[in-house]
Structure formats: C-alpha cells, structure tokens
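So you can see what is in the structure, the chains are spelled out below.
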Amino acid sequence: GRRRLAADLYKIMTVDTAEAGFSVESASENSMDKWTIRLFAFDKDSNLHEDMLVLGLDHIELEMSFPDQYPFEPPFVRVVRPRFKKNTGFVMSGALCMELLTSDGWNPVNDIESVIVSIRSLLV
C-alpha cells in the first residue's frame, strides 16, 4: 500500500494541477498518510464561486487520509475550511460522503487525481 501511495503522490506532484483547479501537499514531512488538498478557480458562474467571494475565500481546503489497506480501501476525505453550517447531504460534520469514497463504490484502480477531480465537480 505504501508503494502505491508514494507513486500516486509522486505522480500528482510532477504534473501541473493548477490548471485542473487543485494543489496537493503532504500534511507532514514524516508521513504520506495524510494530504492537504486545496481546490480553487471554480467556475465564475457557479453558486460556489459566489459564496466563496462573499466569504472572502480563494480556496476550499480538504484533508485526505489513507488507510493502511490503501489502495484496496478508499481514502477518507473531510472539508477543513470553510466550515459548512449545516449538513449539506454530502458533507456530514466535515466528512465528505460520496459513493466513490465508500467500500462499495471504491475501486483500487482509482487514482487520487481522478478522486480529487470528482470531489471538485461534486462541490460545484
């Protein structure tokens, strides 16, 4: 699992993700198990873009944690900032709820970049 995680992290770090509207960094120098993801540059016509302008935010910060069994189990993703005032149907107490991130919906061939792109499109 660690080798696959290292490969996924390396793959993302070597491409320009800014064009896709996100950045990724390891949350700690000593561990690859937790990543900080920033989503930005949302469609200017979207409600999310409008809400972020009102709040004075330029990005949404997520935390992605990887279980020891990764890639055979999905990562856990939570919204760090901004705090959602209420459960929105797919954000429950900060945790992102989407089929892709469940045991039933997860597929070990999923790569992290495609997961981030899916999350980003879900938020808009």
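One structure accompanies this document, and this report is about it.

The rules behind each value
Residues numbered from 1 in each chain as written. Predicted model: local features only at pLDDT ≥ 70, side-chain atom pairs only at ≥ 80, totals over all residues. Heavy atoms only, no water. Core = buried A, V, L, I, M, F, W, Y, C linked by side-chain atoms within 4.5 Å. Buried < 20%, exposed > 50% of the residue type's maximum accessible area, 1.4 Å probe, protein only. Contact = heavy atoms within 4.5 Å. Patch = residues over 30% accessible without salt bridge, like charges linked within 9 Å, V, L, I, M, F, W, Y side chains within 5 Å. Areas by Shrake-Rupley, 256 points an atom, 1.4 Å probe, with all protein chains shown as cover. Salt bridge = Lys/Arg side-chain N within 4 Å of Asp/Glu carboxyl O. Helix = DSSP H or I, 4+ residues; strand = E, 2+ residues; numbered from the N terminus. Phe/Tyr/Trp six-rings, centres within 6.5 Å; stacked < 30°, edge-to-face > 60°.

## Observations concerning the nonpolar core
- Membership of the largest hydrophobic core comes to 28 residues, with the highest contact counts inside it found for Trp35, Leu39, Ile60, Met64, Ile116 and Ile119.
- The residues touching Ile60, leaving out its near neighbours within four places in the chain, are Ile37, Arg38, Leu39, Phe42, Leu48, Met52, Val79, Arg81, Pro82 and Leu123.

## Section: a nonpolar patch on the surface
- Nonpolar side chains collect at one region of the surface, where Val54, Leu55 and Leu57 lie side by side and expose about 290 Å² of accessible area between them.
- Mapped onto the secondary structure, Val54 falls in helix 2 (residues 47–55).
- Relative accessible area serves as the criterion here: at 72%, Val54 is assigned to the exposed category.

## Let's talk about the pattern of salt bridges
- Under the criterion given, the structure shown has eight salt bridges.
- Arg81 is the salt-bridge partner of Glu61, the closest N and O atoms lying 2.7 Å from each other. With a gap of 20 residues between them, Glu61 in strand 3 (residues 60–65) and Arg81 in strand 4 (residues 76–81) connect regions that are remote in the sequence.
- When salt bridges that share partners are traced, they join Glu25, Arg38, Glu61 and Arg81 into one network.

## Side note on the packing of aromatic side chains
- Taken as a whole, this structure holds three aromatic pairs when the rule is applied.
- Ring geometry for Phe66 against Tyr70: centres 5.0 Å apart, planes inclined by 75°, an arrangement best described as edge-to-face. Neither residue differs from the other here; Phe66 and Tyr70 are each classed as buried.
- Ring centres 6.2 Å apart and planes at 45° place the aromatic pair Tyr70 and Trp106 in the tilted group. Within this pair, whereas Tyr70 is found in the loop between strand 3 and strand 4, its partner Trp106 is found in the loop between strand 6 (95–96) and helix 3 (112–123), the two being separated by 36 residues in sequence.

## Notes on the side chain of Asn110
- Locating Asn110 in the fold gives a position in the loop between strand 6 and helix 3.
- In this structure, Asn110 is in contact with Arg4, Tyr70, Leu100 and Val115, ignoring residues within four places of it in sequence.

Take it as geometry only, folks, not as evidence of what the structure does.
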